[in-house]
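Summary of structural features
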Amino acid sequence: QQQVRQSPQSLTVWEGETAILNCSYEDSTFDYFPWYRLFPGESPALLIAIRPVSNKKEDGRFTIFFNKREKKLSLHITDSQPGDSATYFCAASEYYGNEKITFGAGTKLTIKP
Amino acid sequence: EAAVTQSPRNKVTVTGGNVTLSCRQTNSHNYMYWYRQDTGHGLRLIHYSYGAGNLQIGDVPDGYKATRTTQEDFFLLLELASPSQTSLYFCASSDTGGNYAEQFFGPGTRLTVL
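None of the values given here were measured: they were computed from a predicted structure.

So, how was this worked out
Starting from 1, residues in each chain are numbered consecutively following that chain's sequence as written. Labels follow written order: the first chain is A, the first ligand is 1, and so on. Only residues with pLDDT of 70 or above have their local features reported here, since the model is predicted, and side-chain atom pairs are shown and tallied only from 80 upward, although totals for entire chains, interfaces and linings are computed over all residues. The side-chain figures draw on all heavy atoms in the structure; neither hydrogens nor water molecules are used. Helix and strand definitions here come from DSSP, where helices need a minimum of 4 consecutive H or I residues and strands a minimum of 2 consecutive E residues; each element is numbered from the N-terminal end. Radius of gyration here uses only the C-alpha atoms, and the compact-globule reference equals 2.2 Å multiplied by the residue count raised to the power 0.38. The buried label applies to any residue whose accessible area, calculated with a 1.4 Å probe on protein chains only, is under 20% of its type's maximum; exposed applies above 50%, and partly exposed to all values in between. In this description, contact between two residues means that some pair of their heavy atoms is separated by no more than 4.5 Å. Using the Shrake-Rupley algorithm and a 1.4 Å probe, accessible areas are obtained, with residue cover drawn only from the displayed protein chains. The convention is simple: Lys and Arg are positive, Asp and Glu are negative, and His and the chain ends are not counted. Note on charges: their place is set at NZ of Lys, CZ of Arg, CG of Asp or CD of Glu. Should DSSP find at least two bridges between two strands, the strands are regarded as paired. Every case where a carboxyl oxygen of Asp or Glu lies within 4 Å of a side-chain nitrogen of Lys or Arg is listed as a salt bridge. A 3.5 Å cut-off defines polar contacts: any pair of N or O atoms within that distance qualifies, except that in protein one atom must be a possible hydrogen donor and the other a possible acceptor, and neighbouring residues in sequence count only when both atoms are side-chain atoms. Only Asp, Glu, Lys and Arg are considered charged in this grouping, and only Ala, Val, Leu, Ile, Met, Phe, Trp, Tyr, Cys and Pro are considered nonpolar; every other residue, Gly among them, is considered polar. Within the patch definition used here, like charges are joined within 9 Å and nonpolar side chains (Val, Leu, Ile, Met, Phe, Trp, Tyr) within 5 Å, considering only residues with over 30% relative accessible area and no salt bridge. Cysteine sulfur atoms are paired as a disulfide whenever they come within 2.5 Å of each other.

1. Here we look at the overall build of chain B
For chain B, the helix and strand inventory stands at zero helices and eleven strands. Reading chain B from its N terminus to its C terminus gives the helix and strand order β-β-β-β-β-β-β-β-β-β-β. Scaling as 2.2 N^0.38, a compact globule of 114 residues should have a C-alpha radius of gyration of about 13 Å, and chain B matches this with 13 Å. Per-residue burial over chain B gives 48% buried out of 114 residues. Sequence-distant contacts, at least 24 apart, represent 54% of the contacts inside chain B between residues at least 6 apart. As presented, chain B carries roughly 5,100 Å² of accessible surface, and 50% of it is formed by carbon and sulfur atoms. Separation of charge centres in chain B, based on 8 positive and 9 negative side chains, amounts to 8 Å.

In structure tokens form, the structure reads like this:
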């Protein structure tokens, strides 16, 4: 049972466009949602994260939009660059009593110049 | 200097073989994790530990053992490797558990089981 779902599995956008990566979750106790980015041949690394006290988190060209009622969030990458091409993982965890992060299956993003 | 290192970086073995993957972290973190990464499945947690001598079962533990010998060192053992265990394996560490803690990943070990 996949508790964190991502869509689409792969996405191609042109340089300069906005890429939108979607994520949904099932467990209402999740209260922390990090996004990790994996470049080919490298290690996953934390990109940006949000807690449900906010419905939006922005860091430069990267913005998370969060809808707690619908249990959905999305990562928007504005002014996409070829260097943004990577696999993006949405993840979720609980603050209390849980030592694990649950990752989604990932979205492979390709930015065409 | 890399804070999470893994060895070997690549490994080829045969079905039924015995494999040990090693991970060392110099972050002084309490938690260490072993994941496998497969296309279409993302990062799946195999085992994790919150300190030397401790082991917690993850989400896909079948066919894997693990041992945390020190705060720095965490090993993943495949005693009877099968082709289904061909994957990219990542080790990670974090200061605390899931409590808003960032996980720091190693460079990965690509394992092929023939």
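Further notes follow.
2. Regarding the overall build of chain A
Each helix and strand counted, chain A has zero helices and eleven strands in total. For chain A, the α and β elements follow one another from N to C terminus as β-β-β-β-β-β-β-β-β-β-β. For chain A, the C-alpha radius of gyration of 14 Å lies close to 13 Å, the compact-globule estimate for 113 residues. Summarising its shape, the C-alpha atoms of chain A cover approximately 45 × 30 × 20 Å along the three principal directions. For chain A, the share of sequence-separated contacts (at least 6 apart) that also reach a separation of at least 24 residues comes to 54%. Carbon and sulfur atoms form 46% of the exposed surface of chain A, whose accessible area is close to 5,600 Å². A gap of 4 Å separates the mean positions of the 13 positive and 13 negative side-chain charges of chain A.

3. Side note on the pairing of strand S11 (residues 109–113) of chain B
All names here are of chain B. Residues of S11 alternate between two faces, with Thr109, Leu111 and Val113 buried on one and Arg110 and Thr112 left unburied on the opposite face. In terms of strand pairing, strand S2 (residues 10–13) meets S11 through four bridges, oriented parallel. Residue Val12 lies in a different strand from S11, and its bridge partner there is Thr112. Bridging between strand S9 (residues 87–94) and S11 involves three bridges; their strand directions are antiparallel. Residue pairing across strands places Tyr89 opposite Thr109, the latter belonging to S11.

4. Brief notes about the interface of chain B and chain A
Contacts between the two partners involve 24 residues from chain B, matched on the other side by 21 residues from chain A. The interface formed by chain B and chain A contains one salt bridge. Across the pair Lys100 of chain A and Asp59 of chain B runs a salt bridge whose closest N-O atoms are separated by 3.0 Å. Our enumeration of links across chain B and chain A arrives at four residue pairs in polar contact (both at pLDDT 80 or more). Elements with a contribution of two residues or more to the side of chain B that touches chain A: strand S4 (31–38) and strand S5 (42–49) of chain B. Considering only residue class, the side of chain B that touches chain A consists of twelve nonpolar, ten polar and two charged.

5. Quick notes on the side chain of Ser80 of chain A
Residues and elements named next belong to chain A. The residue Ser80 is located in the loop between strand S8 (72–77) and strand S9 (86–92) in this model. Its relative accessible area of 0% is what places Ser80 among the buried residues. Only 2.8 Å separates the side chain of Ser80 from the backbone oxygen of Glu17, close enough to count as a polar contact.

6. Looking at a nonpolar patch on the surface
Residues and elements named next belong to chain B. On the surface, Val12, Val14 and Leu114 cluster together into a nonpolar patch covering about 300 Å² of accessible area. Here Val12 lies in strand S2. Residue classification places Val12 among the exposed residues on the basis of a relative accessible area of 54%.

7. Details of the state of the cysteines
Residue and element names in this part refer to chain B. All told, the structure shown has two disulfides over all chains when counted by the stated rule. Bridging Cys23 to Cys91, the disulfide has an S-S length of 1.9 Å. Across the S-S bond linking Cys23 and Cys91, the dihedral sits near -75°, which makes this disulfide left-handed. Pair noted here: Cys23 is in strand S3 (residues 19–25) and Cys91 is in strand S9, with a separation of 68 residues, a long-range link. Of the two residues, Cys23 and Cys91, neither departs from the other in class, the shared state being buried.

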